[in-house]
Amino acid sequence: MLYSFIEHFLGYNYMGPHNSGTCLIILRVGVVMSEYGILSIIPPLLAIFLAFKTRDVILSLFTSLIVGAVIAARGNLYIALVNFWQKYIFAQLTSAWSAELIILMTIIGGFVAILEASGGIEAMTKKLSTVIGSRVKLQLMAWFGGICLFFSDSANCLILGPVFRSVADRLQVSREKLAYIVDSTASPVCMLVPITSWGVLIGGFIEAAMKENGLAIDAFSAYTSTLPYQFYTVLAVCMVPLVILSKKEFGPMIAFERAALQGNAKNETRDSLVNEIDKKQSYASVAIIPFTVLIIVMVVMFISFGFPNMTSAQFRISLASAYFLATLACIFMVVVKRIMNLTRAIESVIGGCKSMMPVLIMLVAAFGLGSICSEMNTAHYLADITLPFIPTTMLAAVIFVISVGISFATGSANGTQAIIIPLAIPLAIAAKAPLIIVISAAVTGGLFGDHCSPISDTSILSSMGCACDPVDHARTQLPYAMVAAGAAFITFIVAGFIHNPVILMPLSILLGIVGYGITVKFYGQNITETIKNSAEEV
């Protein structure tokens, strides 16, 4: 029993008594089991622990990177040092995907900076404030805007945050609450639209795994078949208006909402020229025209590349072109309106590009950590020690939990899905479990980490767009995500016996509403009423 435990759960192979009379334990090397065994989960878990403990994401990521490099090098510090730079830093910077994303985000940083420095956002939000006259209307409009920006999770985070942040400050909605709304309409919304890059990629995972098991299905059909069973994905989106309309918060969000309503929010102000400009000189058109250019160029580029049949590179080219031309349009507007001269406008753009450096460092470190997890087969190890011991009726529910855990530990939805889907499909076939439901559990469970892990790039982008601390964003969002995940888990248990999506999807939504209601009954607060009652008592 002891040796079986060592083999299955520690990832080692017991080789029997050695000549010297001692026991020799060596690392198992295989297709599925990680050769690093339990050591493979140390880097991601360390990153998550340090992120919550130190509240410094960069420190947490780089510490876990160093520890991971040492583990991967089997304790050889020289090899670890070489690999740290060569494989986990330089390789991430030089890959086409990473380089494109870094350049794109740098351009976006310049656009956001000149837009803020122009005062156009503030002028526009003053006009919006006449329409958005309440905290509830603001939050609902941000949620609806996120649904409209279904084509890109990163664009969602980096557009909605800057647009609604000033209005949120004015109406005393915490930036952490805004970040929760933005993040919940980023990846989750993209996953519900099969023509996005998310749908295409995940459909490809499913198609390839199906073919490996002798089942023919195209990527689009494969992915759309999972949509009626993506319970967590739907709940992540639908819980937002429930939270907004109930006006009740729970968990760490209470403190941030109370601080915002009392005017004590510690909002960071961007170190830019915006403070030097007389806001009376600003015009809403300075923001409206660049945003119009942004949308028009984006749409034209999408059409020219044959949307929705676009490659990821073409998608980033479209975004980069749109943001670049929108930046030029904003520079033109501030110069023509005499808000600032050309030199100051260019300085503002450059300053915005520089301000992106901490975020870019975090992203590179997150990519490096993902590379280490891939090299050490972290996801394979976690899956291998759990999947063989699952009852048929619980297969979908347990795969959902495993996907949730792996994605939260690695901060990657697609990485988790790429590993779990090929493992789950043959298990479902062998166990004669409902195949599409099992696949859906792997897909939607993988979203959890991308949605709320502190080392997820989407979490980092959401907090950056809303100008709040990444760890605070993760802490405040996680309790709401856990309610949705709990409701989805129960639904997947029921799905082991009932396979009809017409019953299961409404059931999951009902469970989400009941779960949220029970939680706020015992732990929730209506912050507005609480503050009002306190004032009346005084």
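Refer to the structure printed above.
Residues numbered from 1 in each chain as written. Predicted model: local features only at pLDDT ≥ 70, side-chain atom pairs only at ≥ 80, totals over all residues. Heavy atoms only, no water.

Focus on the overall build of the chain
Heads up, the condition is: Secondary structure counts use DSSP, requiring at least four H or I residues in a row for a helix and at least two E residues in a row for a strand, with both numbered from the N terminus. Burial classes: relative accessible area under 20% of the type maximum marks a residue as buried, over 50% as exposed, and values in between as partly exposed (1.4 Å probe, protein chains only). Residues count as neighbours in contact if any of their non-hydrogen atoms are within 4.5 Å of one another. Using a 1.4 Å probe, the Shrake-Rupley method yields the accessible areas, and only the shown protein chains count as cover for residues.
Within the chain, the regular secondary structure consists of 26 helices and two strands. Within the span of the chain, comprising 538 residues, buried residues form 53% of the whole. Put simply, of all contacts in the chain between residues at least 6 apart along the chain, 79% involve residues at least 24 apart. Accessible area for the chain stands at about 22600 Å²; split by element, carbon and sulfur atoms hold 68% of it.

Thoughts on helix 14 (residues 253-261)
Residues Met253, Ile254, Glu257, Ala259, Ala260 and Leu261 constitute the buried set of helix 14. Among the residues trailing helix 14, Gly263 stands out with phi positive, at a value near 75 degrees.

Topic: the pattern of salt bridges
What counts is decided by this rule: The salt bridge definition used is simple: a Lys or Arg side-chain nitrogen within 4 Å of an Asp or Glu carboxyl oxygen.
The final tally for this structure, using the stated rule, is five salt bridges. In this structure, Arg475 and Asp472 form a salt bridge, with 3.3 Å as the shortest nitrogen-oxygen distance. Taken together, the residues span about one helical turn, with Arg475 and Asp472 both in helix 24 (residues 470-495) at a distance of three residues. The exposure class of Arg475 is partly exposed, given its relative accessible area of 27%. When its relative accessible area of 7% is taken as the criterion, Asp472 is described as buried.

Remarks on a nonpolar patch on the surface
Stated precisely, the cut-off is as follows: Patch membership requires over 30% relative accessible area and the absence of a salt bridge. Like charges are linked within 9 Å, and nonpolar side chains (Val, Leu, Ile, Met, Phe, Trp, Tyr) within 5 Å.
Together, Leu510, Val514, Ile518, Phe522 and Tyr523 make up an exposed nonpolar region whose accessible area comes to about 570 Å². Tracing the backbone shows Leu510 in helix 25 (residues 501-523). Of the residues examined, Leu510 reaches a relative accessible area of 49% and is grouped as partly exposed.

Observations concerning the packing of helix 20 (residues 395-410) against helix 21 (residues 413-431)
Operational definition: Note on method: axes are straight lines fitted to C-alpha atoms, helices fitted across the in-contact stretch only, with angles between N-to-C directions ranging 0 to 180 degrees. Here the word oblique covers every angle except those under 35 degrees (roughly parallel), over 145 (roughly antiparallel) and from 65 to 115 (roughly perpendicular). Crossing handedness is defined as follows: a turn of the near helix away from the far one that is anticlockwise and smaller than a right angle gives a left-handed crossing, while the clockwise case is right-handed. Each residue receives one of three labels: charged for Asp, Glu, Lys and Arg, nonpolar for Ala, Val, Leu, Ile, Met, Phe, Trp, Tyr, Cys and Pro, and polar for the others, Gly being one of them.
The geometry of helix 20 relative to helix 21 is characterised by a closest axis approach of 10 Å and an angle of 165 degrees between their N-to-C directions. Here helix 20 is positioned roughly antiparallel relative to helix 21, judged by the angle of their axes. Viewed along their axes, helix 20 and helix 21 form a crossing whose handedness is right-handed. Residues Leu395, Ile399, Ile402, Ser403, Ile406, Ser407 and Thr410 of helix 20 form the contact with helix 21, whose participating residues are Thr416, Ile420, Ala424, Leu427 and Ala428. For the contact of helix 20 with helix 21, the class distribution of residues is eight nonpolar, four polar and no charged.

Side note on the nonpolar core
Within soluble globular proteins, side chains that are nonpolar generally end up buried alongside one another. Test applied: Throughout, nonpolar core names a set of buried Ala, Val, Leu, Ile, Met, Phe, Trp, Tyr and Cys residues whose side chains join them through atoms within 4.5 Å.
Counting 155 residues, the largest nonpolar core has Met105, Tyr232 and Ile421 as its most contacted members. Sort the elements by how many residues they give to this core and helix 18 (residues 357-375) lands first, with eleven residues. If sequence neighbours within four positions are ignored, Tyr232 has contacts with Phe400, Thr444, Leu447, Phe448, His451, Ala481, Ala484, Ala485 and Ala488.

Brief notes about the packing of aromatic side chains
Inclusion rule: Classification of ring pairs rests on two measures: the distance between centres of Phe, Tyr or Trp rings, Trp counted by its six-membered ring, which must be within 6.5 Å, and the angle between planes, read as stacked under 30 degrees, edge-to-face over 60 and tilted in between.
Taken as a whole and assessed by the stated rule, the structure comprises 13 aromatic pairs. Judged by centre distance (4.5 Å) and plane angle (45 degrees), the rings of Phe250 and Tyr480 are tilted. With a gap of 230 residues between them, Phe250 in the loop between helix 13 (231-246) and helix 14 and Tyr480 in helix 24 connect regions that are remote in the sequence. Here Phe250 and Tyr480 have matching classes, each one buried. Among the aromatic residues, ring-to-ring pairing joins Phe62, Phe84, Trp85 and Phe90 into one connected group.

Regarding unusual backbone geometry
Residues apart from glycine generally show negative phi values, whereas peptide bonds are mostly found in trans. You will see that Lys247, though not glycine, has its phi angle at about 60 degrees, which is positive. As for its position among the elements, Lys247 is in the loop between helix 13 and helix 14. Of the residues examined, Lys247 reaches a relative accessible area of 47% and is grouped as partly exposed. One non-glycine residue, Ala467, adopts positive backbone phi at about 55 degrees. Position of Ala467 among the secondary structure elements: in the loop between helix 23 (457-465) and helix 24.

Some words on the environment of Ala284
Relative to the helices and strands, Ala284 is located in the loop between helix 14 and helix 15 (285-304). Given a relative accessible area of 9%, Ala284 falls into the buried group. In this structure the C-alpha to C-alpha distance between Ala284 and Ser118, which are 166 residues apart in sequence, comes to 9.8 Å.

Describing helix 25
Quick reminder of the rule: Multiplying 1.5 Å by the helix residue count minus one yields the expected span of that helix. By the criterion applied in these results, polar contacts are pairs of N or O atoms within 3.5 Å in which, for protein atoms, one can donate a hydrogen and the other can accept it, and in which residues neighboring in sequence qualify only through two side-chain atoms.
A rise of 1.5 Å per residue sets the reference length of helix 25, with its 23 residues, at 33 Å; its end C-alpha atoms lie 32 Å apart and thus fit the reference within 8%. Within helix 25, burial applies to Leu504, Met505, Ser508, Gly512, Tyr516, Thr519 and Val520. Residues of helix 25 that are buried sit in contact with helix 13, helix 22 (435-452) and helix 24. Its side-chain oxygen 2.9 Å from the backbone nitrogen of Val502, Asn500 forms the N-cap of helix 25.

As for the side chain of Thr226
You can see Thr226 is positioned in the loop between helix 12 (219-224) and helix 13. Residues within four places of Thr226 in sequence aside, it is in contact with Ile206, Ile436, Ile439 and Ser440.

As for the environment of Ile38
Among the structural elements, Ile38 can be located in the loop between strand 2 (23-27) and helix 2 (42-54). Here the alpha-carbon distance between Ile38 and Tyr381, two residues 343 residues apart in the chain, equals 7.6 Å.

Some details on the side chain of Ser407
As for its placement among the helices and strands, Ser407 is situated in helix 20. Within the structure, Ser407 has its side chain in polar contact with the backbone oxygen of Val404 (distance 3.0 Å). With near-sequence residues (within four places) excluded, Ser407 lies in contact with Ser412, Thr416, Gly445, Gly446, Phe448, Gly449 and Ser453.

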